[in-house]
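# Structure at a glance
Letter by letter, the chains look like this.
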Amino acid sequence: MVNHSSHADDQLIASCIGPQLCSAQNRKIDYIGAPLTIDFCSIRTTNPRPTRKPVVLVTGFGSGWAGIAELGFYLARDGWRVTMVSLPGYGNSENPPKTYWQGSYGFYSEVLVLHRLTHAMRKTWAEPPHWVGHSLGAAVITELACHFTNSVSSITLLNPAGFERQNPLWLATKFTVSGLLHRLTFRGETAWPRLKPFLPKERSPFTRGRLAQRMSEWRRIAGDSALQFLAEIPDRIPIAYITGERDFVFPWRRSAILNDGLLVEKNGVAQILPLSHNTTMLGSSLTARAITDFLKCI
């Protein structure tokens, strides 16, 4: 991989990536007879990799697509065509009806939205995307690969949630502490201050109209439903598990994905980075390199 200087990154952001971040798009899709507007942003450099397959990033709990923009930048810098998606009820995507999240076991509603979005983007995404999901997003793309295999070329699970049972209150405590530590250490990132002025103002994920959906999601990421769907993914779909060595929210040493042998059984790959839970922001250049190494080998 080519090493890029900070000055080169500044130029790339100012002249190429930044203007694209200002041009967020939305697409109206059909969700069980009711239209939903989904907010997303696509970025690329002027010299993308010679592949028609895009890399689509699905964010974690509490984040719209802007929260994953730094990882998106580094992947675009590495030559990938990147699309970052805000799920319904996140960022500037439309709030879904209560039927979207009420009584849910896994994340089938979210999966259905991504599948319909893939169909709506078929002219732009000429081939099924490589999906990258962080935390909650990892559970979503796992279920997507299980139910709609033709919409998936590969999945990368970043600091995945929803694969082992945890006490919801204890999990909330760990999330809070991890978030506070992240804010303290994230100040040293070089790309984020230059990307931030180009990012749109997003709606809060914790407004009154979104809290019930957040509570439903929290219950599900404290469970282990995603493990069942991982087991049912066809062997032809490549799988990568990438996490942080210092991720105490979902510690890799206790990961069901690693400990039950499923990843080995499916010929998946694992990589532990010297990072914390927020691998999409703090240290995201390392995360992008790990994703690129995986995708180049499949």
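Preceding this paragraph is the structure being described.
Counting of residues starts from 1 at the beginning of each chain's written sequence and follows it residue by residue. Only residues with pLDDT of 70 or above have their local features reported here, since the model is predicted, and side-chain atom pairs are shown and tallied only from 80 upward, although totals for entire chains, interfaces and linings are computed over all residues. No hydrogens and no water enter the side-chain calculation; it runs on all heavy atoms of the structure.

## Focus on the packing of helix H2 (residues 69–77) against helix H11 (residues 284–296)
For the record, the criterion: Angles shown run from 0 to 180 degrees and are taken between the N-to-C directions of axes, each axis being a line fitted to C-alpha atoms and, for helices, limited to the stretch in contact. Numbered from the N terminus, helices here are DSSP runs of H or I no shorter than four residues, and strands are runs of E no shorter than two. By definition in this entry, angles of less than 35 degrees are roughly parallel, angles greater than 145 are roughly antiparallel, angles of 65 to 115 are roughly perpendicular, and the rest are oblique. Two helices crossing with the near one rotated counterclockwise from the far one by less than a right angle form a left-handed crossing, whereas a clockwise rotation gives a right-handed crossing. Contact between two residues is taken to exist if any of their heavy atoms lie within 4.5 Å; hydrogens are not considered. Charged residues are taken to be Asp, Glu, Lys and Arg, nonpolar residues to be Ala, Val, Leu, Ile, Met, Phe, Trp, Tyr, Cys and Pro, and polar residues to be all remaining types, Gly included.
Taken N-terminus to C-terminus, the directions of H2 and H11 make an angle of 50°; their axes are 9 Å apart at the nearest point. It follows that H2 is oblique to H11 by the angle criterion. The crossing of H2 and H11 is right-handed. Taken together, the residues of H11 that come into contact with H2 (itself represented by Glu 70, Leu 71, Tyr 74 and Leu 75) are Ser 284, Ser 285, Thr 287, Ala 288, Ile 291 and Thr 292. A class-by-class count of the residues in the contact of H2 with H11 yields 5 nonpolar, 4 polar and 1 charged.

## Side note on empty space enclosed by the protein
For clarity, the cut-off: Using a grid of 1 Å spacing that covers the protein atoms alone, one calls a set of points a cavity when a 1.4 Å probe fits there but cannot get out, and a pocket when the set is open and has protein on both sides within 12 Å along at least five of seven lines; lining residues are those with an atom within 4 Å of a point. Grid points are joined across faces, edges and corners, and a volume is the space filled by probe spheres set on the points.
Tallied over the full model, the rule gives 1 cavity of 30 Å³ or more. If you go around the largest cavity, the residues you meet are Asn 159, Pro 160, Phe 163, Glu 164, Tyr 241, Thr 243, Asp 247, Phe 250, Ser 255 and Ile 257. Across the lining of the largest cavity, the residue classes break down as 5 nonpolar, 3 polar and 2 charged.

## Brief notes about the layout of surface pockets
Size it by volume and the largest pocket reaches roughly 1000 Å³. Lining the largest pocket are 30 residues, and of these Gly 62, His 182, Arg 183, Asn 278 and Met 281 sit closest to its centre. For the lining of the largest pocket, the element with the highest residue contribution is helix H5 (residues 168–185), accounting for 8 residues. Looking at the lining of the largest pocket residue by residue, the classes come out as 13 nonpolar, 14 polar and 3 charged. For the second largest pocket, the full set of lining residues is Gln 20, Ser 42, Ile 43, Arg 44, Thr 51, Arg 52, Pro 54, Arg 81, Val 82, Thr 83, Thr 124 and Trp 125. For the lining of the second largest pocket, the secondary structure elements donating two or more residues are strand E2 (34–43) and strand E4 (82–86). Per-class residue counts for the lining of the second largest pocket are 4 nonpolar, 5 polar and 3 charged.

Geometry only, nothing functional implied.
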